[in-house]
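# Examination of the molecular architecture
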Amino acid sequence: MKQFFKFVLATFVGIILTTIIIVLVFIGIIAAGSDNTVVVDANSVLHIAIKYPITERTANNPLAALSFLGFDGDKAIGLKDILANIKKAKADNKIKGIFLDESYMLSGEATTEEIRNALIDFKKSGKFIIAYSEIYTQGFYYLASVADKVYINPKGILEFNGFNSNITFLKGALDKLGIEAQIIKVGTYKSAVEPLVLTRMSDANRLQVTSYLGSLYDHFLTGISKSRGINKDSLFVYANQMRIKEPEDALKYKLVDGLKYKDEILDEFKQRLGVKAKDDIKSVDIAEYSKSEEDMKEVSTNRIAVVYASGEIGGGEGGDNSIGSEAISKALRKVRLDKKIKAVVLRVNSPGGSSLASDVIWREVMLTQKVKPIIVSMGDVAASGGYYISCAADSIFAEPNTITGSIGIFAILPNMQKLFNDKLGVTFDGVKTGKFADLGNTTRPLTPEERAILQSEINHGYDDFTKAVAAGRHKTQAYINTIGQGRVWTGAQAVNIGLVDRLGNIEDAVKSAAKKAKLKDYRLVAYPEQKSVFNKLGQSFGVEMKTRILQSELGENYRVYEQIKKMTSMMRIPLARMEYDVVVK
């Protein structure tokens, strides 16, 4: 009888879940097929409030705006659409200004830089930008500092105390578990493995982090100094002495223009727009603005392909937030053979990953470069394998605060003998037909001969990496070795040492590709083709649900969880990946 009720319950639950999925799909089909064009009223304000990590492209998800099972319907759009919408608003006579509302810049420094530069360009139209927040993180303040007026809530908070970068070290935990991380690497600065074998930063890693963090901070202060008209040295003192403790301090030192509540901000908008006090302000959210009508332009037969490579590099098809060597290779082959496509921009935002997968993509970039111009645009990070897939391009663009370089390879093989033998009382025995038949066995330590074999493989991989960079950058391999060794650089530093050609954003890269292809008119096409939510509903719905729950429960500590998860997933060989995710606070 119990089995009967279990069967009935399981069937009932299955029917409910199936019904829910069918309803979601039906709603999505209606949403995708309906005419949801947004009409922008005259005398409107473009509302920008960014409270989500910014991806390169907006997800192809008609269910994004729905609230269901903890999915709160965030109207998140990608960097591509954010930049396009700000540019569109600049020329739109119906848009009179921009409201930068409370935002949390959860993405990298270069992403913030691109949006900031787009806002600076918007101001050339003579239209206004007003920024307001109850809490300014340093990232949002850097963005907001370009506004005509920057306001803070009278009881609010403005963080302005300098940058720091922290690493979570796991060696102590591994020691307690009886797990030894056996490391094989090339590169003095290739510190990806340090959290597994050390309890603090090595001197070499401290040197490189101090160098690139200082470069990022200098660029941060320079930008604010220029926008706010405050001496850069003074800004350094304000942060170093923690002078900005209260909103009144921010006003005193001219970091903000006033202390106001939200209703006072809205009153100022009404005055600027000439709206009566009793009337509402017309506004359009930046996500909705993507759906607004725009004038039809003549469509050119010439095309420039933008191939997006975002996330950790691995084999297979990958996904929205990971780079699959098969998917990117297919895309590059397709654009290489398409006669309508005259040039290619490879947008790279990746810390690297599998060295094999990186090499597969590098090969396709190299072949593409032989038949048509290919320009790389680097996002927040294009390091290790992310740099490997970039180095064969005609030229490389990066933002001053892009993280790049990290030319090196490493491998990690765990030895869990103590865990099994001493902690769990588990032992192993067996037979083999060859001396090295069980190379890679995690239940025992490596022998000296096995370690030598693996080190030889890693050395060979590093040699291939530096040869590829030397050929692509027209440098000697010996020189690349001096700036390689796993060392991380900012985009500004990379220009000086020849790893990057020019500082600029993705639009600059597109213009360079057009110039190299001698195109006056063209249109952009994006690759790889994005999968719809229905294509990946079954495989990603549960994963996304799990991620949302963990983020909700762990809050800021979710970043630590992610780092530990990534470090433990590195227990495979070999990898061309940056040592850790750079988080600047």
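### As for the environment of Ile48
With respect to the helices, strands and loops of the structure, Ile48 is situated in strand β1 (residues 44-48). Ile48 sits in the buried class, given a relative accessible area of 2%. In this view, Ile48 contacts Ile86, Ile98, Phe99, Leu100, Asp101, Ser103, Leu119 and Ile286; residues no more than four positions away in its chain are not counted.

### A few points about the environment of Ser145
Turning to its location among the elements, Ser145 is positioned in the loop between α4 (138-144) and β6 (149-158). Between the C-alpha atoms of Ser145 and Ile130, which are 15 residues apart in sequence, the distance is 9.8 Å. In this structure Ser145 touches Arg116, Val150, Ile224, Ser227 and Arg228, once residues within four positions along its chain are discounted. At a separation of 3.0 Å, a polar atom in the side chain of Ser145 contacts the side chain of Arg116.

### Things to note about the pattern of salt bridges
Inspection of the entire model under this criterion finds 21 salt bridges. Here Glu268 and Arg272 are joined by a salt bridge, their closest N and O atoms 3.4 Å apart. Of this pair, Glu268 and Arg272 both sit in helix α10 (residues 262-273), four residues apart, roughly one helical turn. One salt bridge in this structure joins Lys432 and Asp438, with 3.1 Å as the shortest N-O distance. The class of Lys432 is partly exposed, set by a relative accessible area of 46%. Of the residues examined, Asp438 reaches a relative accessible area of 23% and is grouped as partly exposed.

### With respect to helix α3 (residues 109-122)
A rise of 1.5 Å per residue sets the reference length of α3, with its 14 residues, at 20 Å; its end C-alpha atoms lie 20 Å apart and thus fit the reference within 8%. Of all 14 residues making up α3, 10 are buried, and the element is well covered by its neighbours. Listed in full, the buried residues belonging to α3 are Ala110, Thr111, Thr112, Glu113, Glu114, Ile115, Arg116, Ala118, Leu119 and Phe122.

### Focus: the environment of Tyr388
Position of Tyr388 among the secondary structure elements: in helix α14 (residues 385-388). In the structure, Tyr388 is positioned 20 residues away from Gly408 in sequence and 9.7 Å away in space, judged by C-alpha atoms. Beyond its immediate stretch of four places on either side in the chain, Tyr388 contacts Ser355, Ser358, Asp359, Trp362, Asp464, Phe465 and Ala468.

### Observations regarding the confidence of the model for the chain
Overall, the predicted model of the chain reaches an average pLDDT of 86, with 81% of residues at or above 70. The low-confidence segment residues 29-34 (pLDDT under 50) makes four contacts with residues lying over four places distant or belonging to another chain. The model gives residues 67-73 a pLDDT under 50, and that stretch makes 17 contacts with residues more than four places away or in other chains.

### With respect to unusual backbone geometry
With the exception of glycine, the majority of residues adopt a negative phi angle, and the majority of peptide bonds are in the trans configuration. Across the junction of Tyr527 and Pro528, the peptide omega takes the value -10°, indicating a cis bond. At Ser406, a position not held by glycine, the phi torsion is positive, near 55°. Within the element layout of this structure, Ser406 appears in the loop between β18 (403-405) and β19 (409-415). Residue Ser406 is classed as buried on the basis of its relative accessible area of 0%. Phi angles above zero are rare outside glycine, and Gln485 is one such case at about 55°. As for its position among the elements, Gln485 is in the loop between α17 (477-483) and β20 (488-490).

### Section: the sheet that holds strand β5 (residues 128-136)
One open sheet accounts for six strands, arranged β8-β6-β5-β4-β1-β9; its pairing is parallel. Each edge of the sheet is formed by a strand with only one pairing partner; in this case those strands are β8 (258-259) and β9 (283-285). When β1 meets β9, the two strands line up parallel, connected through three bridges. The residue bridging Leu46 from the neighbouring strand is Val284, located in β9. Contacts from α3 reach β1, β4 (95-100) and β5 within the one sheet, and its direction differs from that of β4 by about 145°.

### A short note on the packing of aromatic side chains
Tallied over the entire structure, the rule returns 15 aromatic pairs. With a centroid separation of 5.0 Å and an interplanar angle of 55°, the aromatic rings of Phe163 and Tyr217 are classed as tilted. Remark: Tyr217 occurs in helix α7 (residues 203-228) and Phe163 occurs in the loop between β6 and α5 (171-177); sequence separation between them is 54 residues. Phe163 gets classed as buried once you look at its relative accessible area, which sits at 15%.

### Comments concerning α7
With 26 residues, α7 should cover 38 Å at 1.5 Å per step; its first-to-last C-alpha distance of 37 Å lies within 8% of that length. Count one or two residues on from α7 and you reach Gly229, which has phi positive near 70°.

### Some words on the packing of helix α2 (residues 79-91) against α3
The description of two helices packed together rests on the angle between their axes and the distance between the axes. Packing of α2 against α3 leaves a shortest axis separation of 9 Å and a crossing angle of 10°. Classified by the angle their axes make, α2 and α3 are roughly parallel. In this structure, α2 uses Leu79, Ile82, Leu83, Ile86, Ala89 and Lys90 to contact α3, whose residues at the interface are Thr111, Glu114, Ile115, Ala118, Leu119, Asp121 and Phe122. Across the contact of α2 with α3, the residue classes tally to nine nonpolar, one polar and three charged.

### Examining the nonpolar core
Ile115, Leu119, Leu158, Phe160 and Leu255 are the most contacted members of the largest nonpolar core, which totals 76 residues. Once residues within four sequence positions are removed from consideration, Leu119 is found in contact with Ile48, Ile86, Ile98, Leu100, Ile129, Leu143 and Val146. With 53 residues, the next largest nonpolar core counts Ala382, Ala392, Ala468 and Ile497 among its residues.

### A look at the pairing of β4
Within β4, five of the six residues are buried, leaving the element largely enclosed by the surrounding structure. Judged from the five bridges that link them, β1 and β4 form a sheet pairing that is parallel. If you follow His47 over to β4, its bridge partner there is Phe99. As defined by bridge partners, β4 adjoins β5 across four bridges and the pair is classed as parallel. What sits directly across from Ile98, in β5, is Ile129.

### Notes on the packing of α7 against helix α8 (residues 232-240)
At a closest axis distance of 9 Å, the pairing of α7 and α8 adopts a crossing angle of 115°. Considering only the axes of α7 and α8, their crossing is right-handed. Between α7, through Tyr217, Asp218, Leu221, Thr222, Ile224 and Ser225, and α8, the contact on the second element is made entirely by Lys232, Leu235, Phe236 and Ala239. Grouping the constituent residues of the contact of α7 with α8 by class yields six nonpolar, two polar and two charged.

Scoring rules and cut-offs
- Residues numbered from 1 in each chain as written.
- Predicted model: local features only at pLDDT ≥ 70, side-chain atom pairs only at ≥ 80, totals over all residues.
- Heavy atoms only, no water.
- Helix = DSSP H or I, 4+ residues; strand = E, 2+ residues; numbered from the N terminus.
- Buried < 20%, exposed > 50% of the residue type's maximum accessible area, 1.4 Å probe, protein only.
- Contact = heavy atoms within 4.5 Å.
- Polar contact = N/O pair within 3.5 Å; in protein donor to acceptor, adjacent residues only side chain to side chain.
- Salt bridge = Lys/Arg side-chain N within 4 Å of Asp/Glu carboxyl O.
- Expected span 1.5 Å × (residues − 1).
- pLDDT = per-residue confidence, 0-100.
- Pairing = 2+ DSSP bridges.
- Axes fitted to C-alpha atoms, helices over the stretch in contact; angles between N-to-C directions.
- Phe/Tyr/Trp six-rings, centres within 6.5 Å; stacked < 30°, edge-to-face > 60°.
- Parallel < 35°, antiparallel > 145°, perpendicular 65-115°, else oblique.
- Nonpolar A, V, L, I, M, F, W, Y, C, P; charged D, E, K, R; others polar.
- Core = buried A, V, L, I, M, F, W, Y, C linked by side-chain atoms within 4.5 Å.
- Left-handed = near helix turned anticlockwise from the far one by under 90°.

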